[in-house]
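# Summary of the model geometry
Chain by chain, the residues:
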Amino acid sequence: MSDQPISIIIVEDEPEFRRRFVQIIENEPSMTLVGVAANKREAQAIIDRESFDVMLIDLGLPDGSGIDLIRQVSQKKPDVDIMVVTVFGDEQHVVSSIEAGATGYILKDSAPADVISCIRLLRAGGSPVSPVVARSVLRAIRNRMGTTAPTRAPGSEQNPLSARETEILQLLAKGMSFNEIGEILGISPHTVTAHIKKIYRKLAVHSRGEAVYEATQMGLLKS
Amino acid sequence: MTVPVVRLARLLGVAFACLLAVLLPLPGQADEAQAIPRIELTGGTRGTFPAADALWQSHALPMRWAASGGRTGIWLRYGFDLPAAPQEGWSILFGRLANGGTVYVNGKMVADIPLDADRRHVNWRRPHLVNLPNDYLHAGQNQVLVFTSYGLGVHGIGSIEVGPTAELQPDYGSQFFVNHTLRWIALLLTCLMAIGFAALWFRRRSESLFGLLSLIAASWALRSLDFAFESLPADMRLWTRGAFYLGTAAFTALATITMWRHGGVKRGAAEAGVVVLAVLGPLLFAISGDTFDLTAGTAWQAVMLGLLGLGLLSLAVHALKSPTFMLKGIVLAIGIALAAAVHDFLVYVGVLTFGSPELLNIATPVLLFALGGALIERFVRSLADVEKTNAELESRIHEREQLLKRNFDRLRESERVKASAQERQRIMQDMHDGLGSQLLSSLMLVERGALTNEQVAQILRESIDDMRLAIDALAAEDSDLLSALGNLRYRMEPRLKVAGMELQWDARGLPEEVDIDPDAVLPVLRIVQEALTNAIKHSRARAVRVTLGVDSRDDSEWLTIRVTDNGRGLAAGANGNGRGLLNMRNRARKIGAVLKVETVPGAGTMILLRLPLATSPGPNTRAMQLSLNTEAVIEQVRQG
């Protein structure tokens, strides 16, 4: 980590939570808040204007879904880490965020220390994941390979994950901790989270490729 | 399909016409060969020429007579004129010398054709060509003498021709073929047909027609034996004649009834009549012996022919209505055969000239070929049918497959709908009895001002926890208990850490897939969460261990979850402890699980949950009542 503080923007429509997140970041000396938005429009302005390292974003915004913003930022600013703020950390919200380009998620009611450590983990190149989300990611990849393979572009139907990455996901889905997985595989817990981040990125790239392919098929894009 | 039959019929017709044209004698054709129109005859004995004053009787040729007396010898005499002694070889062609004979030319013996005698019965049907040595012949009148002998029965002498051998040879050849070779060919073909149909019937017992045809062919073969052997010991004669009557009777009865039935006529009485009439022949022969030939035998044969004619008539009527040409072809062939049989019968009884070619010898192969053709046609059609059926079957199977697939899809869809309906019901029930009533009770208490901020926060926190558990349980598709438990661990670990407790999680005893009732997932999660929460709140332990495993007992598999802490034990716990345990027990009971609590004051607590795996339909847990662990808090407040 550099000496430079981590610059953060927050996109959250509920005032109470917005206030809470602002407070957590402002209380943390190694982080600096560069923008706060309560809806999509404001967020768009900040994204266009500011440069930042991390975006904390709630998916349900009053003027649209945060998913679009996630996709936009992950494509325009690939260095930015996108962290989704969710109530339950449930499969539907998290997996679609990851597919759009998010690399982390955090529960809305997480303790301040957890929020800070999660942001640090992201900047250090790792990603947190719960067993249910790991299982969902596995399932998402399997579904894509299995059901749509024959109709998709050649080459894209291969499993984008390496054997090691699949193994880590499977162990995570069984409920093992990063430490335990690290012990089993002979790697550090940090490397495990780095693998998870790579998996997220692959899932996002993969689904982006799929979106482009489908758009081409529909004649929306000229290839 | 009908074209080959028509072609076959046409071909058969042409062939038959050609055969008739070639084989029927064409009189007056030869230049020098002369047919003998009349002969003279007188009684006598073998080896002694008739006396000079013997009385000769003149008779036209061919001639036929029936004899009912004992054995008699006769001399035949005729002459022919030669302008000069011939240079080339000359011969006499006896079209049919039924009883054989010793032949002399100008007093010198030229041939000795085996005679019908007491010990040996002959009935020559083949022609005989007798070569005449040139030096026996002279210019002018030449005289031929023939001695023959006859016993009981019908006898005759066919045409006699004299002429150059080269000229008579072709006639002789064709007559020999028709009256001898062809007879044997017909007999052999009939036997083959009998065997062939028998084999067919043996393989396909249900088709009685094949069996009948085999019997008919066999009867015909039996009947033909009498004509097949022209010369045989006299005592065998009775047997072949008996075979003739038996064969004729069986053939007529079987063929007539078969044709009737095939023609759609079913007259039990008429059929019985046919059988009686048919049996009469062999029966009377058995009683009266050889004389039957001369008495009622002829009439009986006529009746038999008449019956066959009736049978053919009904078959013909049926054939006219039939759309295929096959039956018509067969009727035509049978008609030809019957006409030939009538012709031969008329020759036998003397209405037609004695010694005419036996047309049945020609007609029998024609009939057999027609039957064979029909059989081939049927075989070919069966093959075509099989191919067609196969194709139809294939397409039907394909259709059925499609149908099955559609049904399967529909079934899967309806199952999916049903599953999601059940899921919805489960969530509703859970919301109603759990979180809903919980929040309502809390609201009452808050409105009464009975709760402190801290207690409200606790209630809310636990409500959220419970909701997260519900969501984990929902996410745990296909009873994926492992990820859901993992999620619980993922969430609880930081909390335990904050409380200064180490969480040891051991899932090594758990297989990849744990099959439990979907309805049991959430209660299990709640029980484990409550156990952990209790440990945090009351145990003051330094470490909590969760051990997951599967073991077998009482012939079934059980999921076991152990939550062990090294705290102070339950007895020293707070008030809510009892209520929490009761909740856990209720939940366990409702999903058919067993909860066991062991506690040692000052040393720790172990909570063991044992749940049967879903190898068989478990207890009905659909309508279970789920309550939140915060009930304990509320209870506490009420009491307080």
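Calculation rules
Residues numbered from 1 in each chain as written. Chains lettered and ligands numbered in written order. Predicted model: local features only at pLDDT ≥ 70, side-chain atom pairs only at ≥ 80, totals over all residues. Helix = DSSP H or I, 4+ residues; strand = E, 2+ residues; numbered from the N terminus. Buried ≥ 20, exposed ≤ 12 C-beta atoms within 10 Å, placed from the backbone. Contact = placed C-beta atoms within 7 Å. Pairing = 2+ DSSP bridges. Axes fitted to C-alpha atoms, helices over the stretch in contact; angles between N-to-C directions. Core = buried A, V, L, I, M, F, W, Y, C linked by C-beta atoms within 7 Å. Parallel < 35°, antiparallel > 145°, perpendicular 65-115°, else oblique. Left-handed = near helix turned anticlockwise from the far one by under 90°. Nonpolar A, V, L, I, M, F, W, Y, C, P; charged D, E, K, R; others polar. Expected span 1.5 Å × (residues − 1). pLDDT = per-residue confidence, 0-100.

### Quick look at the overall build of chain B
Check the secondary structure of chain B and you find 13 helices and 19 strands. Put simply, chain B has 640 residues, and 36% of those count as buried. Within chain B, counting contacts between residues at least 6 apart in sequence, those at least 24 apart form 79% of the total.

### Notes on the overall build of chain A
Regarding its fold elements, chain A presents nine helices and seven strands. Out of the 223 residues in chain A, the part that is buried amounts to 40%. In chain A, once contacts between residues fewer than 6 apart in sequence are set aside, the share between residues at least 24 apart is 64%.

### Some words on the sheet that holds strand S10 (residues 128–132) of chain B
Residues and elements named next belong to chain B. Spatial ordering of the open sheet is given by S1-S13-S6-S10, a layout of four strands whose pairing is antiparallel. The open sheet has two edge strands, strand S1 (34–35) and S10, and neither has a second partner. Across five bridges, the pairing between strand S6 (residues 90–94) and S10 is antiparallel. From the neighbouring strand, Ser91 faces S10, where its bridge partner is Asn131.

### Quick notes on the environment of Thr193(A)
Residues and elements named next belong to chain A. By secondary structure assignment, the location of Thr193 is in helix H9 (residues 189–217). The class for Thr193 is buried, based on 23 C-beta atoms found within 10 Å. In sequence terms Thr193 and Ala124 are 69 residues apart; their C-alpha atoms lie 9.5 Å from each other.

### Topic: the sheet that holds strand S2 (residues 38–43) of chain B
Residues and elements named next belong to chain B. Strand order in the open sheet formed by six strands is S3-S2-S5-S11-S7-S8, and the pairing between neighbours is antiparallel. The open sheet has two edge strands, strand S3 (57–60) and strand S8 (108–113), and neither has a second partner. Adjacent strand axes in the sheet meet at a mean angle of 25 degrees, parallel and antiparallel pairs treated alike. Where S2 and S3 come together, four bridges link them in antiparallel fashion. Within S3, the position partnered with Arg38 by the bridge is Ala60.

### As for the nonpolar core
The biggest cluster of nonpolar side chains holds 99 residues, and the ones touching the most others in it are Val11(A), Val54(A), Met55(A), Leu56(A), Met83(A), Leu525(B) and Val528(B). When residues in this core are grouped by element, the largest group, ten residues, is from helix H11 (residues 518–539) of chain B. Among the nonpolar cores identified, the runner-up in size contains 57 residues, and Ile216(B), Ala255(B), Val274(B) and Ala333(B) belong to it.

### A closer look at the pairing of S6(B)
All names here are of chain B. Along S6, five of the five residues are buried, which leaves the element largely enclosed by surrounding structure. On S6, burial covers both faces: Trp90, Ile92 and Phe94 on one face and Ser91 and Leu93 on the other are all buried. Relative to strand S13 (residues 160–164), S6 is paired through five bridges, and the arrangement is antiparallel. Bridging across to S13, Leu93 finds its partner in Glu161.

### Some remarks on the packing of helix H10 (residues 481–498) of chain B against H11(B)
Residues and elements named next belong to chain B. Remark: H10 packs on H11, axes separated minimally by 11 Å, with the N-to-C direction vectors making an angle of 20 degrees. Put simply, H10 runs roughly parallel to H11. Handedness of the crossing formed by H10 with H11: right-handed. For the pair H10 and H11, the contacting residues are Leu481, Ala484, Leu485, Leu488, Met492, Arg495 and Leu496 in the first and Val521, Val524, Leu525, Val528, Gln529, Leu532 and Ile536 in the second. Of the residues belonging to the contact of H10 with H11, the class tally is twelve nonpolar, one polar and one charged.

### Observations regarding unusual backbone geometry
All names here are of chain B. With an omega of -10 degrees, the peptide bond running from Leu61 to Pro62 counts as cis. With a phi close to 50 degrees, Asn106 is a non-glycine residue in the positive phi region. A positive phi angle, near 55 degrees, is found at Arg540, a position not held by glycine. The topology assignment puts Arg540 in the loop between H11 and strand S16 (543–553). Judged by local crowding, Arg540 falls into the partly exposed class, with 17 C-beta atoms found within 10 Å.

### Quick word on the interface of chain A and chain B
The interface is formed by twelve residues belonging to chain A together with 17 residues belonging to chain B. The leading source of residues in the side of chain A that touches chain B is helix H6 (residues 131–147) of chain A, at three residues. A class-by-class count of the residues in the side of chain A that touches chain B yields four nonpolar, two polar and six charged.

### Looking at helix H6 (residues 297–321) of chain B
All names here are of chain B. Over its 25 residues, H6 extends 37 Å from the first C-alpha to the last, a length consistent with the 36 Å expected when each residue adds 1.5 Å. When we look at burial in H6, the residues that qualify are Gly297, Trp300, Gln301, Met304, Leu307, Leu308, Gly311, Leu312, Leu315 and Ala319. The elements touched by buried residues of H6 are helix H4 (234–262), helix H5 (268–288) and helix H7 (325–349).

### Here we look at the packing of helix H2 (residues 165–203) of chain B against helix H8 (residues 359–447) of chain B
All names here are of chain B. Running from N to C, H2 and H8 cross one another at 30 degrees; their axes reach a closest spacing of 8 Å. Considering their axes alone, H2 and H8 lie roughly parallel with respect to each other. For the pair H2 and H8, the crossing hand works out as left-handed. The residues of H8 that touch H2, namely those facing Val178, Asn179, Leu182, Arg183, Ile185, Ala186, Leu189, Thr190 and Met193, are Asn361, Ile362, Thr364, Pro365, Leu368 and Leu371. Looking at the contact of H2 with H8 residue by residue, the class counts come to ten nonpolar, four polar and one charged.

### Concerning the pairing of strand S15 (residues 502–509) of chain B
Across six bridges, S15(B) lies against S16(B) in parallel orientation. Looking at S16(B), one finds that Glu502(B) is bridged to Ala543(B).

### A few points about the environment of Leu595(B)
All names here are of chain B. With respect to the secondary-structure elements, Leu595 resides in strand S18 (residues 594–600). Its 19 C-beta neighbours within 10 Å are what place Leu595 among the partly exposed residues. As for Leu595 and Leu611, which are separated by 16 residues in sequence, their C-alpha atoms are 8.9 Å apart. Apart from residues no more than four positions distant in its own chain, Leu595 is found in contact with Met584, Arg585, Ala588, Ile607 and Leu609.

### Remarks on the confidence of the model for chain B
Residues and elements named next belong to chain B. In the predicted model, chain B carries a mean pLDDT of 83, and the fraction of residues at 70 or more is 89%. Within the model, the stretch residues 572–576 combines pLDDT values under 50 with six contacts to residues more than four positions away or in other chains. A low-confidence stretch, residues 616–629 stays under pLDDT 50, and its non-local contacts, those more than four residues away or across chains, total 33 contacts. Interface confidence for the predicted complex, expressed as ipTM, amounts to 0.73; the pTM equals 0.51.

### Focus: the confidence of the model for chain A
All names here are of chain A. This prediction gives chain A a mean pLDDT of 81; 83% of its residues lie at or above 70. Mean pLDDT values over the elements of chain A span from 73, in H6, up to 94, in strand S1 (residues 6–11). Within the model, the stretch residues 147–156 combines pLDDT values under 50 with six contacts to residues more than four positions away or in other chains.

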